[in-house]
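Here is how the chains run, residue by residue.
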Amino acid sequence: MSVMDAYLGAAGQAVALLDTPEVATAWEQPSALAEMTVGGLAGHLAHQILSVSSALQVCANSALQESPPQEAPIPLLEHYARAAWIDAPLDGEVNAGIRAKSEGIASQGASWLAGLTRTALAEQRTKLAECSGDQAVFMPQTGWALCLDDFLVTRMLELAVHMDDLAVSVGLAVQELPEAAFDPVLVLLARLAARRHGHTALLRALTRVERAPAAINAI
């Protein structure tokens with residue numbers, strides 16, 4: 001299965017979760033994430049899908065030569081090495097901005113947000129078929145580009161993490177991702193954890209409970 005198809009499967013699960021009555025009922029309540037309501041968390045989850053629509057528009061413009069060529073894509077791990085949000089404090093400007101944007105996306109309510117993401121995903125199913133995985137996707141918020149396949153892997157990571165956050169927040173069972181979506185997320189998380197803690201720490205966490213480190217978080 002292609003990265004594009006894997007993303008579409010994960011995104012379909014996210015849309016279904018956003019459309020549950022449990023999410024709508026708990027919209028104004030605190031979520032499992034500090035300083036974020038369930039609605040804000042839903043907005044952040046939805047953003048992962050909506051950002052793909054923006055990326056596909058860039059791909060389409062590039063194919064039609066309607067936009068100037070962007071810089072060459074950087075490797076996926078370099079993207080995370082440069083990301084300002086990874087080590088930012090909860091009350092820092094970056095994370096405060098993410099929370100504010102998420103609440104803004106969710107401001108029109110649960111039903112509207114579920115409909116918006118459902119429509120976006122339907123359009124993406126058509127547009128992704130017209131794109132190549134090696135096309136460059138320039139991200140204005142970061143100032144650099146990724147190839148489309150790598151960009152979709154970053155979205156699958158975000159979808160996996162925040163679907164878990166949202167399901168836990170409203171008392172729903174967490175639905176596991178299809179293997180085609182989970183595998184690239186697992187590989188990326190393992191590489192990020194190894195970079196942060198070292199190869200030995202990761203190996204011990206996975207194989208030696210008596211020597212496992214206290215923390216092996218990837219991000």
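Going by the structure above, here's the rest.
Residues numbered from 1 in each chain as written. Predicted model: local features only at pLDDT ≥ 70, side-chain atom pairs only at ≥ 80, totals over all residues. Heavy atoms only, no water.

(A) View of the pairing of strand β2 (residues 144-147). Burial of the side chains of β2 extends over both faces: W144 and L146 are buried on one face and A145 and C147 on the other. Relative to β2, strand β1 (residues 136-139) is paired through four bridges, and the arrangement is antiparallel. Within β2, the position partnered with F138 by the bridge is A145. (Buried < 20%, exposed > 50% of the residue type's maximum accessible area, 1.4 Å probe, protein only. Helix = DSSP H or I, 4+ residues; strand = E, 2+ residues; numbered from the N terminus. Pairing = 2+ DSSP bridges.)

(B) Inspection of the environment of H79 at higher detail. Along the chain, H79 falls in helix α4 (residues 76-82). Residue class for H79 comes out buried when judged on its relative accessible area of 6%. Distance in space between the C-alpha atoms of H79 and T142 is 8.9 Å, their sequence separation being 63 residues. Those residues in contact with H79 that lie beyond four places of it in its chain are I74, M139, T142, W144, L146 and T154. (Contact = heavy atoms within 4.5 Å.)

(C) Broad picture of the nonpolar core. The biggest cluster of nonpolar side chains holds 60 residues, and the ones touching the most others in it are Y7, L159 and L166. Residue assignment for this core shows that the elements contributing at least two residues are α1 (3-18), α3 (38-63), α4, α6 (110-128), β1, β2, α7 (148-170) and α8 (179-197). Beyond its immediate chain neighbours, meaning those up to four positions away, Y7 contacts Q48, I49, V52, Q124, L128, L152, R155, M156 and L159. (Core = buried A, V, L, I, M, F, W, Y, C linked by side-chain atoms within 4.5 Å.)

(D) How the structure looks around the packing of α7 against α8. It is the contact of α7 with α8, at a shortest axis distance of 9 Å, that shows an interaxial angle of 95°. Taken as axis vectors, α7 and α8 run roughly perpendicular relative to one another. Contact residues: V153, M156, L157 and A160 in α7; A181, P184, V185, L188 and L189 in α8. Of the residues in the contact of α7 with α8, the class split is nine nonpolar, no polar and no charged. (Axes fitted to C-alpha atoms, helices over the stretch in contact; angles between N-to-C directions. Parallel < 35°, antiparallel > 145°, perpendicular 65-115°, else oblique. Nonpolar A, V, L, I, M, F, W, Y, C, P; charged D, E, K, R; others polar.)

(E) View of the environment of A96. Mapped onto the elements, A96 comes out in helix α5 (residues 93-105). Of the residues examined, A96 reaches a relative accessible area of 30% and is grouped as partly exposed. It is 10.0 Å that separates the C-alpha atoms of A96 and M36, two residues lying 60 residues apart in sequence.

(F) A look at α7. Across its 23 residues, α7 extends 32 Å between first and last C-alpha, which sits within 8% of the 33 Å expected from 1.5 Å per residue. Taken across its 23 residues, α7 has 17 buried, putting it largely inside the fold. With its phi angle positive at about 75°, G171 sits one or two positions after the end of α7. (Expected span 1.5 Å × (residues − 1).)

(G) Broad picture of α8. Taking 1.5 Å of rise per residue, 19 residues should cover 27 Å, and α8 covers 26 Å from first to last C-alpha, within 8% of that figure. Every buried residue belonging to α8 is among A181, V185, L188, L192, A193 and A194, and all of these are buried. Positive phi shows up at G198, right after α8, with a value of about 100°.

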